[in-house]
Every structure is written in C-alpha cells, then in structure tokens.
Amino acid sequence: MKCFCTIISPDYLPFASVLKESLAKHHTDIPIFVLLLGSQVDQKNYTENGLEIVNIHHLSDIAIVNDLQSKYGFGEDNFRWALTPIWISYLLQKQKKVIYLDPDLYFIDEAGFLFDELNGASLLLSPHGITPDPLSDPENIAMNTRTGLFNAGMVGATQSARPSLIWWSKAILKDMDMDEDRGLFVDQRYLDMLPIFDPDVKVLRHPGCNLGSWNIHCFSRTMKDGRLFINDRFPAIFIHFNVETIHQALNLNDRLLLPFFQEYEELLKEKGYNLSVKLNSLPREKYKRTFYRLKHRFLLRTRFKKWLMSIAKKL
C-alpha cells in the first residue's frame, strides 16, 4: 500500500484541496492523508474533497508529539514542520510507501514514478540543485550551505526508514531554530546528515521535481508543445509555490512558471483562499529592486550563452 500525505492548519485546507486535485489528474487511486492541526478542530477523522483527514489528537499518545507541542506551540509553523517525521512514521504502520508533500506543491505531470524510486530505498530526498559552474552562480552554492542540500517539502519513505525518522524527530526536538550561524535551518538541515548513517537513503535525480526559486539557474526551463521541460529533456513534475518561487514567477525571473502559478492561484480562489491578499501583506522590497532583477536576468542570459556555445562545439 502507498499514499501521499501532508500537514496543515485549518486555514490551509484550500491548499491541501488544490494539491489533491493536481495529484488526482494523474493518480486517482492513490490516497492523500492530511494531518490537521488546531486545538479547536473536530477531533474525529473524516473525508473531505477526497482528503483523508486525521486529527492531531490521534497522535497524542506518541510521547514525542507532546514534547514537540510543549516546545514549539500548538499552532505555530515550527510545530507543523516538526511533525513531519512523526506523521510519516505513523502512516508507515499501515502503508509500505509514504511520500510527504508540503501543502504548497502543485503537480503538473505524472508522478507515480516517485514510489518506484523508493524500491530498495529507506528514504527519498529531493535536492535543491547545485549549479554546474560555482563561479558563475556563487549564490547557489551559498544557498545550499545555508539552508541545506535537500528540500524538506518532499520526503519519501518506506518502512525501513523508521530509524532515520526517529533520529530526525529527536534532532528536531533538541533544536529547530532558524540560525544559520549554528548550521540550523528549522527541520531541513538535518536531512543532510541522514545519508551518512543510513546507506539506503536515495537522492531524487529527476530535475523536474520540486521546481522553485532555488533551482532557477541550475535547472533550465523550456516549453515544448505546451509542456514544460527541464534541462531540455525532463518533463516538469511539480512546482513548489512558496513565497520566493511565486515572486520569481511574478517578476518574470522564472517566467515559464507564471502560467502555472496563475492557474494555481485561480484554483485556490475557487476554494475560498485569496493568495493575492496574502502576498500583498508580505514585504516585497527585495523583489522590486532593479539590481535584484538585473542579477537574475544576467544569470539567465549567461546560462543561455553557455548553452549556445555547447551546441556550437558539437556542430
């Protein structure tokens, strides 16, 4: 048995619904389980819009859950992030393969192969992406050393991942600050350590997965016959629409993601969530600066020139 899963607070239910709909276009038979946080929500499990809703109270008999709640608060983002390895472990009691997804992911192509990637693996981790030329984009290298090699927005696991998931949850309980000077980036930096002591951790090599602001310049985007391709040959599978990725699309630094974001935004609006209002309430000065825009244009232009030169050498 296999499933997708995510974790939300009640106000993020529209995001989970849109995530489900994007998956359902290609995976109608694979369930998505949603861990619902909040002290005032209905404590019963139920199904809504195809989502299998599990209330956080059903995990309250797991000791570390109460410890995490005491440390990070019931409704805070840190508590939601902290629960990721626990939630995956909980589902692995009945499922053979579980793929955790952040609620702000949007699937645009078939992703069933992700479960195949877990064959023979304990965990499946999604890399941010490292630029082929560190001299041309030192900011990409710095980003990986600051925030981690892997993005915690997608983590796949099988039942053999239990020891690694326990380690991750204990590390989170110990410390989950946003403190780059101490090598901490909430729950995410700990993922870098898992392949060291777990030889069955696998790195997802498909560059069409987890598209975001972190891989604009290392994973090129092109359109072919109405489909988005990465590095000119891999179909784009899913986009991670966090705030940074959205602004890069809106500023046309990542222009090929813009139509997908507009589609995503419209679907959220149909579910009663106005993403524009949320975005307008956040500081945007950085994205409006001329230097910021020119820097990304320059990197994109440089990458395009290098691609043309590589083609010319083959002719």
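Small disclaimer: the values here were computed from a predicted structure and weren't measured. (Residues numbered from 1 in each chain as written. Predicted model: local features only at pLDDT ≥ 70, side-chain atom pairs only at ≥ 80, totals over all residues. Heavy atoms only, no water.)

A. Quick look at the pairing of strand β5 (residues 97-101). Across the 5 residues that make up β5, a large majority, 5, are buried. Burial along β5 is two-sided: Lys 97, Ile 99 and Leu 101 and Val 98 and Tyr 100, pointing in opposite directions, are all buried. Sheet analysis places β5 next to strand β8 (residues 150-158), joined by 5 bridges and oriented antiparallel. When the sheet's bridge partners are listed, Tyr 100 is paired in β8 with Val 155. (Buried < 20%, exposed > 50% of the residue type's maximum accessible area, 1.4 Å probe, protein only. Helix = DSSP H or I, 4+ residues; strand = E, 2+ residues; numbered from the N terminus. Pairing = 2+ DSSP bridges.)

B. Quick peek at the environment of Ser 122. With respect to the helices and strands, Ser 122 occurs in the loop between α5 (113-117) and β7 (123-127). By relative accessible area, Ser 122 is classed as buried at 1%. Taking C-alpha positions, Ser 122 is 8.3 Å from Arg 162, a pair spaced 40 residues apart along the chain. With residues near it in sequence (within four places) discarded, Ser 122 still touches Gly 156, Ala 157, Thr 158, Ser 160, Ala 161, Asp 198, Asp 200 and Val 201. A distance of 2.8 Å separates polar atoms of two side chains, one belonging to Ser 122 and the other to Asp 198. (Contact = heavy atoms within 4.5 Å. Polar contact = N/O pair within 3.5 Å; in protein donor to acceptor, adjacent residues only side chain to side chain.)

C. Highlighting helix α1 (residues 13-24). In this model α1 runs 16 Å from its N-terminal to its C-terminal C-alpha over 12 residues, within 8% of the 16 Å that 1.5 Å per residue would give. Burial runs high along α1: 10 of the 12 residues are buried. When α1 is considered as a whole, its buried residues turn out to be Leu 13, Pro 14, Phe 15, Ala 16, Ser 17, Val 18, Leu 19, Lys 20, Ser 22 and Leu 23. (Expected span 1.5 Å × (residues − 1).)

D. Here's a closer look at the environment of Ser 136. Here Ser 136 shows up in the loop between β7 and α6 (138-147). Along the primary structure Ser 136 and His 217 are separated by 81 residues, whereas in three dimensions their C-alpha atoms are 9.7 Å apart.

E. Region of interest: the nonpolar core. By size, the foremost hydrophobic cluster in this structure holds 43 residues, and its most contacted members are Leu 35, Leu 68, Leu 83 and Trp 87. Apart from the residues lying within four places of it in its own chain, the contact partners of Leu 83 are Ile 7, Leu 35, Leu 37, Ile 56, Val 65 and Leu 68. One finds Leu 51, Leu 101, Leu 105 and Phe 238 within the second-largest nonpolar core, a separate group that totals 27 residues. (Core = buried A, V, L, I, M, F, W, Y, C linked by side-chain atoms within 4.5 Å.)

F. Broad picture of the pattern of salt bridges. Taken as a whole, this structure holds 8 salt bridges when the rule is applied. The partner of Asp 175 in a salt bridge is Arg 182, with the nearest N and O atoms 2.9 Å apart. Taking the relative accessible area as the measure of exposure, Asp 175 reaches 13% and is therefore buried. For the salt bridge of Asp 232 with Lys 224, the shortest nitrogen-to-oxygen distance reads 3.5 Å. Residue classification places Lys 224 among the partly exposed residues on the basis of a relative accessible area of 32%. (Salt bridge = Lys/Arg side-chain N within 4 Å of Asp/Glu carboxyl O.)

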